[in-house]
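Observations on chain architecture
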Amino acid sequence: MKIIKVKDYDELSEKACRFIIDKVAQIEKPVLGLATGSTPEGLYQRLVEKNRQDEVSFKDLSTFNLDEYVGLAKSHPNSYYHYMYEKLFKHIDISMDQVHIPSGDVANLEEECMEYEKQIRSVGQIDVQVLGLGVNGHIGFNEPGTPLSSLTHVVDLDSSTRKANARFFDSIDEVPEKAITMGIETIMESREILLLVSGESKAKAVTRLLNGEVSSEFPASILQKHKHVTMIADEEALGSN
Ligand code: F6R
């Protein structure tokens with residue numbers, strides 16, 4: 001794993017933006033895997049700016065998001081579709097039919113999972129998968145205990161994840177109990193992974209990710225086995241690592 005240590009969140013966002021712009025420029029029809037949450041917000045802001053300044057075009061880009069809450073319509077202010085549309089897609093020159101996010105409000109969730117996995121395979125491979133890190137070691141919404149061989153599936157969200165994400169909702173009771181997520185194997189099949197980690201609250205998870213054993217009890221530990229991972233982490237998240 002390549003570790004890029006940065007001073008703070010601004011520098012993390014700047015470096016991540018440069019990383020993505022370089023990849024998009026190098027690949028003819030780039031496929032990006034995207035994450036939501038707080039960590040990639042600065043990256044998305046910068047990608048919007050660079051696109052406005054004509055430093056990068058996203059017209060040949062396809063995207064696949066990691067996850068979506070079950071039960072929230074696309075238009076719900078806390079759906080990940082809404083997040084992605086508001087923070088990135090509506091501001092850039094991407095074609096919306098090349099954007100993929102699982103739907104959490106369909107009648108047949110199992111079918112949606114299989115269809116999503118099929119869509120990813122139909123483009124070949126995700127070139128760069130952007131990941132954040134859960135305090136409990138989740139990647140995507142693969143909570144502790146998720147089989148390392150999992151494909152896109154429906155998960156019960158951990159109480160620590162619902163608590164952490166309650167900051168986006170009026171109360172914890174409104175945080176959905178389930179989500180659809182790319183599986184651990186789906187993520188591991190990406191050609192390259194860009195892991196972004198910021199803040200002291202992630203320091204213990206970073207230590208376990210780097211030094212702990214590979215185990216489904218701490219899903220992010222599997223990244224030790226991926227051949228092409230770049231982690232950009234700030235000083236607070238890296239702690240003494
Ligand atoms: C988001 C996702 C999650 C987050 C993780 C960290 O699509 O899949 O794994 O990346 O929960 O979230 P933040 O960045 O809010 O700390």
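Please refer to the structure higher up on the page.
Nothing here was measured: the structure is a model prediction, and the numbers come from that model. (Residues numbered from 1 in each chain as written. Predicted model: local features only at pLDDT ≥ 70, side-chain atom pairs only at ≥ 80, totals over all residues. Heavy atoms only, no water.)

This next bit is on unusual backbone geometry. Backbone geometry at Asp54 places phi at a positive 65°, although glycine is not the residue there. Along the chain, Asp54 turns up in the loop between helix H2 (41-52) and strand E3 (62-65). (Helix = DSSP H or I, 4+ residues; strand = E, 2+ residues; numbered from the N terminus.)

What follows concerns the site of the ligand. Surveying the vicinity of the ligand reveals 13 residues, the closest of which are Thr39, Asp67, His138, Gly140 and Lys202. Separating an oxygen atom of the ligand from a side-chain N or O atom of His138 is a distance of 2.6 Å. Arg167 places a polar side-chain atom, nitrogen or oxygen, 2.9 Å from an oxygen atom of the ligand. Burial of the ligand by the protein amounts to 93% of the accessible area it has alone, namely 400 Å². Grouping the constituent residues of the shell around the ligand by class yields three nonpolar, seven polar and three charged. (Near = heavy atom within 4 Å. Polar contact = N/O pair within 3.5 Å; in protein donor to acceptor, adjacent residues only side chain to side chain. Areas by Shrake-Rupley, 256 points an atom, 1.4 Å probe, with all protein chains shown as cover. Nonpolar A, V, L, I, M, F, W, Y, C, P; charged D, E, K, R; others polar.)

The next point concerns the packing of H2 against helix H3 (residues 80-87). When two helices pack together, their arrangement is given by the angle between the helix axes and by the axis-to-axis distance. Following both chains from N to C, one finds H2 and H3 inclined at 40°, their axes separated by 10 Å at the closest point. Classified by the angle between their axes, H2 and H3 sit oblique to one another. Residues Glu41, Tyr44 and Val48 of H2 form the contact with H3, whose own contacting residues are Tyr83, Met84 and Lys87. (Axes fitted to C-alpha atoms, helices over the stretch in contact; angles between N-to-C directions. Parallel < 35°, antiparallel > 145°, perpendicular 65-115°, else oblique. Contact = heavy atoms within 4.5 Å.)

Now for the environment of Glu117. Here Glu117 lies in helix H4 (residues 109-122). With a relative accessible area of 7%, Glu117 lands in the buried category. Setting aside residues up to four positions removed in sequence, Glu117 forms contacts with Leu151, Thr152 and Thr186. (Buried < 20%, exposed > 50% of the residue type's maximum accessible area, 1.4 Å probe, protein only.)

Bringing the sheet that holds strand E7 (residues 153-156) into the picture now. Here we have three strands laid out as an open sheet, ordered E4-E8-E7, and antiparallel in their pairing. Edge strands, defined here as strands with exactly one partner in the open sheet, are strand E4 (67-69) and E7. Neighbouring strand axes in the sheet, compared pairwise and without regard to direction, differ in orientation by 25° on average. Across the sheet, H4 touches E7 and strand E8 (178-181), and the angle it forms with E7 is around 125°. (Pairing = 2+ DSSP bridges.)

We now examine the nonpolar core. Membership of the largest hydrophobic core comes to 30 residues, with the highest contact counts inside it found for Ile20, Leu43, Leu47, Leu88, Phe89 and Leu194. Elements supplying a minimum of two residues to this core: helix H1 (9-26), strand E2 (31-34), H2, H3, strand E6 (128-131) and strand E9 (192-197). Per element, the largest residue contribution to this core is seven residues, and it comes from H1. In this structure, Phe89 is in contact with Leu34, Thr63, Asn65, Met84, Ile94, Met96, Val99 and Ile101, ignoring residues within four places of it in sequence. Ile184, Ala205, Val206 and Ala220 belong to the second-largest nonpolar core, a separate cluster that totals 28 residues. (Core = buried A, V, L, I, M, F, W, Y, C linked by side-chain atoms within 4.5 Å.)

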